Amino acid sequence: QLQLVESGGGLVQPGGSLRLSCTASGFTLDNYAIAWFRQAPGKEREGVSCISGRGGSTNIADSVKGRFTISRDNAQNTVYLQMNSLKPEDTAVYYCAAGGSATLQAMCVTGYYRPFNMDYWGKGTPVTVSS
């Protein structure tokens, strides 16, 4: 079966750090752009970051720029989201998603996120930032 599995979420104090992982099984991630989305209760889903299949293009949303970084290790079939200087407003369920089309690859250049066109989704990992 084809699936993405996120891990690394949890409870952290403001100013702390977490590293989220997204690991694929059943397909090879190096053929896909990978995006991270997040959704807080009562709020709309928003794109957070994106990395192209070969890692040549990345995007970081303005709301997290300078604090979050994205990377991938294709040998491990895994994409990472390093989150530093976390704020309470970062509290959300974080999802990774994979897309193989040219449009989704361009997403990692333009920062225009297209969640309804993603091919695969993980079930999410919750992140809570609170003192």
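Note that the structure is predicted; figures quoted are calculated from it, not measured.

Asker: What's the story with the pattern of salt bridges in this structure? I'm lost.
Answerer: Side-chain pairs of opposite charge can arise whenever the charged atoms involved come near each other. All chains considered together, the criterion is met by four salt bridges. Between Asp90 and Arg67 there is a salt bridge; the shortest N-O distance is 2.7 Å. With a gap of 23 residues between them, Asp90 in the loop between β8 (78–83) and β9 (92–99) and Arg67 in the loop between β6 (58–60) and β7 (68–73) connect regions that are remote in the sequence. For Arg67, a relative accessible area of 11% gives the class buried.

Asker: Would you take a moment to explain the pairing of β8 for this structure?
Answerer: Taken residue by residue, a regular strand's side chains alternate between the two faces of the sheet. Taken across its six residues, β8 has five buried, putting it largely inside the fold. Here strand β3 (residues 18–25) pairs with β8 via six bridges, running antiparallel. Following the sheet pairing, Arg19 is matched in β8 by Gln82. Across six bridges, the pairing between β7 and β8 is antiparallel. Each bridged residue has a counterpart across the sheet, and for Ser71 the counterpart in β8 is Tyr80.

Asker: What exactly am I supposed to notice about unusual backbone geometry here?
Answerer: Where the residue is not glycine, phi is negative for most of them; where a peptide bond is considered, it is trans in most cases. Even without glycine at this site, Asn77 takes up a positive phi of about 55°. Turning to its location among the elements, Asn77 is positioned in the loop between β7 and β8. Look at Ser85: it is not a glycine, yet its phi comes out positive at around 50°. Structurally, Ser85 is set in the loop between β8 and β9.

Asker: Could you clarify how one ought to interpret the state of the cysteines in this entry?
Answerer: Such a bond, covalent and formed between the sulfur atoms of two cysteines, is termed a disulfide. Evaluation of the coordinates by the stated rule reveals two disulfides. Each sulfur of the disulfide joining Cys22 and Cys96 lies 2.0 Å from the other. Looking along the S-S bond of the Cys22-Cys96 disulfide, the torsion reads about 70°, which is the right-handed sense. Pair noted here: Cys22 is in strand β3 and Cys96 is in strand β9, with a separation of 74 residues, a long-range link. Looking at Cys22, the relative accessible area reads 0%, which means it is buried. A sulfur-sulfur separation of 1.9 Å characterises the disulfide bridge that pairs Cys50 with Cys108.

The rules we used
- Residues numbered from 1 in each chain as written.
- Predicted model: local features only at pLDDT ≥ 70, side-chain atom pairs only at ≥ 80, totals over all residues.
- Heavy atoms only, no water.
- Salt bridge = Lys/Arg side-chain N within 4 Å of Asp/Glu carboxyl O.
- Helix = DSSP H or I, 4+ residues; strand = E, 2+ residues; numbered from the N terminus.
- Buried < 20%, exposed > 50% of the residue type's maximum accessible area, 1.4 Å probe, protein only.
- Pairing = 2+ DSSP bridges.
- Disulfide = S-S within 2.5 Å.

Distances and angles like these do not, on their own, reveal function.
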